[in-house]
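# Commentary on secondary and tertiary structure
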Amino acid sequence: NINDYEKNISRLYCFGHYMSLAQAVGFSIFAPLVIRILYGTEFLPSVPVLAILGFYIVFSYMGSARNIWILAEGRQSILWKINLAGAVMNIAINAVLIPMWGAIGAATATLVTQMFTNFILGFIIKPLRANNKLLLKGFNPKYLLDLVKR
(Lines give C-alpha, C1' and ligand atoms only; values in the text may rest on other atoms or scores of the structure.)
Protein backbone atom coordinates (compact mmCIF):
# COMPACT_ATOMS: atom_id res chain seq x y z
CA ASN A 1 0.00 0.00 0.00
CA ILE A 2 1.74 3.15 -1.23
CA ASN A 3 -0.03 5.40 1.29
CA ASP A 4 1.11 3.27 4.25
CA TYR A 5 4.60 3.05 2.78
CA GLU A 6 4.90 6.83 2.44
CA LYS A 7 3.36 7.39 5.87
CA ASN A 8 5.88 5.02 7.44
CA ILE A 9 8.80 6.70 5.65
CA SER A 10 7.55 10.07 6.93
CA ARG A 11 7.28 8.58 10.43
CA LEU A 12 10.88 7.39 10.15
CA TYR A 13 11.92 10.90 9.19
CA CYS A 14 9.83 12.39 11.98
CA PHE A 15 11.45 10.17 14.58
CA GLY A 16 14.89 11.04 13.23
CA HIS A 17 14.15 14.77 13.04
CA TYR A 18 12.92 15.16 16.58
CA MET A 19 15.37 12.78 18.26
CA SER A 20 18.35 14.30 16.46
CA LEU A 21 17.17 17.83 17.24
CA ALA A 22 16.95 16.87 20.91
CA GLN A 23 20.50 15.49 20.72
CA ALA A 24 21.78 18.59 18.94
CA VAL A 25 20.24 20.92 21.49
CA GLY A 26 21.60 18.74 24.28
CA PHE A 27 25.11 18.85 22.83
CA SER A 28 24.88 22.61 22.49
CA ILE A 29 23.63 23.17 26.02
CA PHE A 30 25.90 20.67 27.71
CA ALA A 31 29.00 21.13 25.53
CA PRO A 32 30.92 23.05 28.23
CA LEU A 33 30.14 20.40 30.83
CA VAL A 34 31.02 17.51 28.51
CA ILE A 35 34.33 19.09 27.51
CA ARG A 36 35.20 19.96 31.11
CA ILE A 37 34.47 16.41 32.36
CA LEU A 38 36.09 14.51 29.50
CA TYR A 39 39.08 16.71 28.68
CA GLY A 40 39.48 19.39 31.35
CA THR A 41 39.25 23.16 31.36
CA GLU A 42 42.20 23.61 29.01
CA PHE A 43 40.00 22.26 26.19
CA LEU A 44 37.08 24.64 26.78
CA PRO A 45 37.93 26.56 23.57
CA SER A 46 36.63 23.49 21.71
CA VAL A 47 33.07 24.00 23.04
CA PRO A 48 31.89 25.85 19.89
CA VAL A 49 33.22 23.00 17.73
CA LEU A 50 31.19 20.43 19.69
CA ALA A 51 28.12 22.67 19.59
CA ILE A 52 28.34 23.00 15.79
CA LEU A 53 28.99 19.29 15.28
CA GLY A 54 25.96 18.53 17.45
CA PHE A 55 23.76 19.86 14.66
CA TYR A 56 25.59 17.65 12.17
CA ILE A 57 23.58 14.80 13.71
CA VAL A 58 20.29 16.24 12.41
CA PHE A 59 21.39 16.07 8.78
CA SER A 60 23.27 12.81 9.26
CA TYR A 61 20.04 11.14 10.43
CA MET A 62 18.28 12.54 7.36
CA GLY A 63 20.89 10.90 5.17
CA SER A 64 20.59 7.57 6.95
CA ALA A 65 16.81 7.51 6.56
CA ARG A 66 17.10 8.68 2.94
CA ASN A 67 19.50 5.83 2.22
CA ILE A 68 16.91 3.36 3.53
CA TRP A 69 14.44 4.85 1.03
CA ILE A 70 17.02 4.68 -1.77
CA LEU A 71 17.59 0.98 -1.08
CA ALA A 72 13.85 0.25 -0.80
CA GLU A 73 13.27 1.99 -4.13
CA GLY A 74 16.22 0.27 -5.84
CA ARG A 75 17.91 3.57 -6.69
CA GLN A 76 21.42 2.79 -5.45
CA SER A 77 22.91 4.30 -8.60
CA ILE A 78 22.18 7.76 -7.14
CA LEU A 79 24.50 7.20 -4.18
CA TRP A 80 27.72 7.80 -6.09
CA LYS A 81 26.45 11.24 -7.18
CA ILE A 82 25.53 12.15 -3.61
CA ASN A 83 28.84 10.91 -2.20
CA LEU A 84 30.93 12.57 -4.89
CA ALA A 85 29.12 15.90 -4.49
CA GLY A 86 29.57 15.70 -0.72
CA ALA A 87 33.27 14.89 -0.93
CA VAL A 88 34.02 17.68 -3.41
CA MET A 89 31.98 20.19 -1.43
CA ASN A 90 33.60 19.23 1.88
CA ILE A 91 37.11 19.57 0.50
CA ALA A 92 36.32 22.95 -1.07
CA ILE A 93 34.64 24.40 2.01
CA ASN A 94 37.39 23.10 4.30
CA ALA A 95 40.00 24.69 2.04
CA VAL A 96 38.30 28.05 2.54
CA LEU A 97 37.13 27.88 6.17
CA ILE A 98 40.00 26.12 7.97
CA PRO A 99 42.55 28.87 7.19
CA MET A 100 40.02 31.48 8.34
CA TRP A 101 38.48 29.81 11.41
CA GLY A 102 40.55 26.72 12.23
CA ALA A 103 38.63 23.92 13.93
CA ILE A 104 35.41 25.94 13.92
CA GLY A 105 35.80 26.25 10.15
CA ALA A 106 36.23 22.49 9.82
CA ALA A 107 33.13 21.87 11.94
CA THR A 108 31.16 24.41 9.92
CA ALA A 109 32.30 22.84 6.65
CA THR A 110 31.15 19.44 7.90
CA LEU A 111 27.75 20.80 8.92
CA VAL A 112 27.24 22.64 5.61
CA THR A 113 28.28 19.55 3.66
CA GLN A 114 25.77 17.41 5.55
CA MET A 115 23.04 19.99 4.94
CA PHE A 116 23.85 20.05 1.25
CA THR A 117 24.18 16.30 0.65
CA ASN A 118 21.28 15.15 2.81
CA PHE A 119 18.74 17.92 2.24
CA ILE A 120 19.50 20.35 -0.59
CA LEU A 121 20.60 17.68 -3.09
CA GLY A 122 17.19 16.10 -2.62
CA PHE A 123 15.70 19.06 -4.47
CA ILE A 124 18.40 19.10 -7.16
CA ILE A 125 18.58 15.39 -8.08
CA LYS A 126 15.24 14.65 -9.72
CA PRO A 127 14.74 11.05 -8.47
CA LEU A 128 15.19 12.27 -4.87
CA ARG A 129 12.47 14.92 -5.01
CA ALA A 130 9.72 12.45 -4.04
CA ASN A 131 11.78 11.48 -1.00
CA ASN A 132 12.31 15.10 0.01
CA LYS A 133 8.54 15.56 0.06
CA LEU A 134 8.35 12.70 2.57
CA LEU A 135 11.26 14.23 4.50
CA LEU A 136 9.40 17.54 4.75
CA LYS A 137 6.22 15.74 5.86
CA GLY A 138 8.33 14.25 8.63
CA PHE A 139 8.57 17.66 10.28
CA ASN A 140 4.84 17.41 11.04
CA PRO A 141 4.59 16.65 14.78
CA LYS A 142 1.43 14.64 14.03
CA TYR A 143 3.67 11.75 13.02
CA LEU A 144 5.55 11.98 16.31
CA LEU A 145 2.27 11.82 18.21
CA ASP A 146 1.29 8.75 16.15
CA LEU A 147 4.56 7.08 17.17
CA VAL A 148 4.05 7.92 20.86
CA LYS A 149 0.50 6.52 20.82
CA ARG A 150 1.68 3.13 19.53
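Conventions used here
Residues numbered from 1 in each chain as written. Predicted model: local features only at pLDDT ≥ 70, side-chain atom pairs only at ≥ 80, totals over all residues. Heavy atoms only, no water. Helix = DSSP H or I, 4+ residues; strand = E, 2+ residues; numbered from the N terminus. Buried < 20%, exposed > 50% of the residue type's maximum accessible area, 1.4 Å probe, protein only. Contact = heavy atoms within 4.5 Å. Core = buried A, V, L, I, M, F, W, Y, C linked by side-chain atoms within 4.5 Å. Axes fitted to C-alpha atoms, helices over the stretch in contact; angles between N-to-C directions. Parallel < 35°, antiparallel > 145°, perpendicular 65-115°, else oblique. Nonpolar A, V, L, I, M, F, W, Y, C, P; charged D, E, K, R; others polar.

Turning next to the environment of A31. In this structure, A31 sits in helix α1 (residues 2-39). Under the relative-accessibility criterion, A31 is labelled buried at 0%. Taking the C-alpha atoms as reference points, A31 and K142, 111 residues apart in sequence, are found 31 Å from one another. Each residue touching A31, except ones within four places of it in the same chain, is listed here: G26, V47, L50 and A51.

Our next topic: the nonpolar core. In terms of nonpolar packing, the biggest core is built from 18 residues, with W69, I82, I125 and L128 touching the most fellow members. Going through the elements one at a time, α1, α2 (47-73), α4 (103-124) and α5 (129-137) are the ones with two or more residues in this core. The element contributing the most residues to this core is α2, with six residues. Other than its neighbours up to four places away in sequence, I125 contacts I78, K81 and I82.

A few words on the packing of α1 against helix α6 (residues 141-149). One way to put it is that α1 packs onto α6 with a least axis distance of 9 Å and a crossing angle of 95°. With respect to α6, the axis of α1 lies roughly perpendicular. Of α6, the residues touching α1 (which contributes K7, S10, R11, C14, F15 and Y18) are P141, Y143, L144, D146 and L147. Its residues assigned to classes, the contact of α1 with α6 shows seven nonpolar, one polar and three charged.

Nothing here speaks to function; it is all geometry.
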